[in-house]
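Structure at a glance
Listed below are the residues making up each chain.
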Amino acid sequence: MTDTIVLASNNAGKLKEFNALFAERHIRILPQSQFVQEECAEPYQTFVENALAKARFAAKHSGLPALADDSGICVRALGGAPGVLSARFAGDHPKSDAANNAKVSELLAQHDDRYCYYVCVLVLVRHESDPQPVIAEGIWPGQWQMQPAGGHGFGYDPHFYLPEHGCTAAELPPEQKNQISHRAQALQALWRKMQAVGLAA
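Residues numbered from 1 in each chain as written. Predicted model: local features only at pLDDT ≥ 70, side-chain atom pairs only at ≥ 80, totals over all residues. Heavy atoms only, no water.

1. Topic: the pairing of strand β1 (residues 4–7)
Every other side chain in a regular strand lies on the same face of the sheet, so the side chains alternate between the two faces. Side-chain alternation along β1 places T4 and V6 on one buried face and I5 and L7 on a second face that is also buried. Note: β1 against strand β2 (residues 28–31), four bridges, orientation parallel. The residue bridging V6 from the neighbouring strand is L30, located in β2. Regarding topology, helix α1 (residues 12–23) serves as the crossover connection from β1 to the parallel β2, and that connection is right-handed. With two bridges joining them, β1 and strand β3 (residues 66–75) adopt parallel strand pairing. Bridge pairing links V6 to A66 in β3. (Buried < 20%, exposed > 50% of the residue type's maximum accessible area, 1.4 Å probe, protein only. Helix = DSSP H or I, 4+ residues; strand = E, 2+ residues; numbered from the N terminus. Pairing = 2+ DSSP bridges. Right-handed = clockwise from strand over helix to strand, strands pointing away.)

Structural data, given as structure tokens:
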């Protein structure tokens, strides 16, 4: 069993969500920035490859088990974009949620199909060279809403409309989002696998 995991991210929004999700499981989440300021490169075209690279990087620099999340939004009318480029869809200098959202809305203006979904792939490694990473995935379907709404969440949440709730992800109370999001679904799957391999009670 483990009681401390390094999160392979410097994203404050992700750190807050993971701390909330793991607190009830009595596992402490430490940010990667406590051990290394450099961020791992994400050169791959799939979520799982990028997550694995980030997890191994964080484990190497911390000497602790590491959890990486590679997640994003996939829009059907855009051929699955932004996908793995979600965090930097509008460019890297600097990364901007507002610019990313504006770019998706601009590209979707000529499409009637607004179906999209969030995907989250979680990879947990016990150490840098772990030969059997624990991998889990969660998918959260929705519709792209052209006008942003809501003050919670981060990333694409203000445009991610949930028909069954009648609001965007950014309008959901954080506690509710943490029960139904792609990240929550992936974490539930990860937890079951952690129990199966003896990493959690």
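Moving on from the model shown.
2. Description of the pattern of salt bridges
In total, this model carries eight salt bridges according to the counting rule given. One salt bridge connects R76 with D113, and the closest N-O pair in it is separated by 2.8 Å. Here the residue R76 occupies a position in the loop between β3 and α3 (97–108), and D113 occupies one in the loop between α3 and β4 (115–125), the gap between them amounting to 37 residues. Across the pair D130 and R126 runs a salt bridge, and its minimum N-O distance is 2.7 Å. Assessed through its relative accessible area of 2%, D130 is described here as buried. We classify R126 as partly exposed; its relative accessible area is 26%. (Salt bridge = Lys/Arg side-chain N within 4 Å of Asp/Glu carboxyl O.)

3. Notes on helix α2 (residues 47–62)
In this model α2 runs 22 Å from its N-terminal to its C-terminal C-alpha over 16 residues, within 8% of the 22 Å that 1.5 Å per residue would give. Those residues of α2 that sit buried are F47, N50, A51, K54, A55, F57, A58, A59 and S62. Where α2 is buried, its residues contact β1, β3 and β4. Remark: G63 follows α2 within two positions and exhibits a positive phi of approximately 70°. (Expected span 1.5 Å × (residues − 1). Contact = heavy atoms within 4.5 Å.)

4. Section: the packing of aromatic side chains
One pair of aromatic rings is described through two measures. These are the centre distance and the angle between the planes. This structure, assessed with the given rule, holds six aromatic pairs. On the basis of an interplanar angle of 45° and a centroid distance of 6.2 Å, the ring pair of Y115 and Y117 is categorised as tilted. Looking at Y115, the relative accessible area reads 25%, which means it is partly exposed. Both rings, one in W140 and one in F160, keep their centres 5.2 Å apart while their planes meet at 55°; by these two values the pair is tilted. Of this pair, W140 sits in strand β5 (residues 134–144) while F160 is found in strand β6 (residues 160–162), placing the two residues 20 residues apart along the sequence. Taking relative accessible area as the criterion, W140 reaches 3% and is therefore assigned buried. Connected via pairs of aromatic rings, a cluster forms that spans Y118, W140 and F160. When the ring centre of F89 is taken as reference, the NZ or CZ atom of K103 above it lies at 4.4 Å. (Phe/Tyr/Trp six-rings, centres within 6.5 Å; stacked < 30°, edge-to-face > 60°. Lys NZ or Arg CZ within 6 Å of the ring centre and 35° of its normal.)

5. Some details on the side chain of R88
As for its position among the elements, R88 is in the loop between β3 and α3. Despite its burial, R88 pairs with no opposite charge, the nearest such side chain being E42 at 4.2 Å. In contact with R88, not counting residues within four places along its chain, are E42, K95 and N100. (Lys, Arg positive; Asp, Glu negative; His and termini not counted.)

6. Section: the UniProt feature "binding site: Mg(2+)" (unreviewed entry) in the protein
According to UniProt, the positions carrying the feature "binding site: Mg(2+)" (unreviewed entry) are D70. By secondary structure assignment, the location of D70 is in strand β3. With relative accessibility at 3%, the residue D70 sits in the buried group. Leaving out residues up to four positions away in the same chain, D70 has contacts with E42, T46, F47, N50, A51, K54, V84, V119, C120 and V121. Looking at D70, its side chain comes within polar contact range of the side chain of K54, at 3.0 Å. (UniProt positions renumbered as here; feature names shortened; annotations may be inferred. Polar contact = N/O pair within 3.5 Å; in protein donor to acceptor, adjacent residues only side chain to side chain.)

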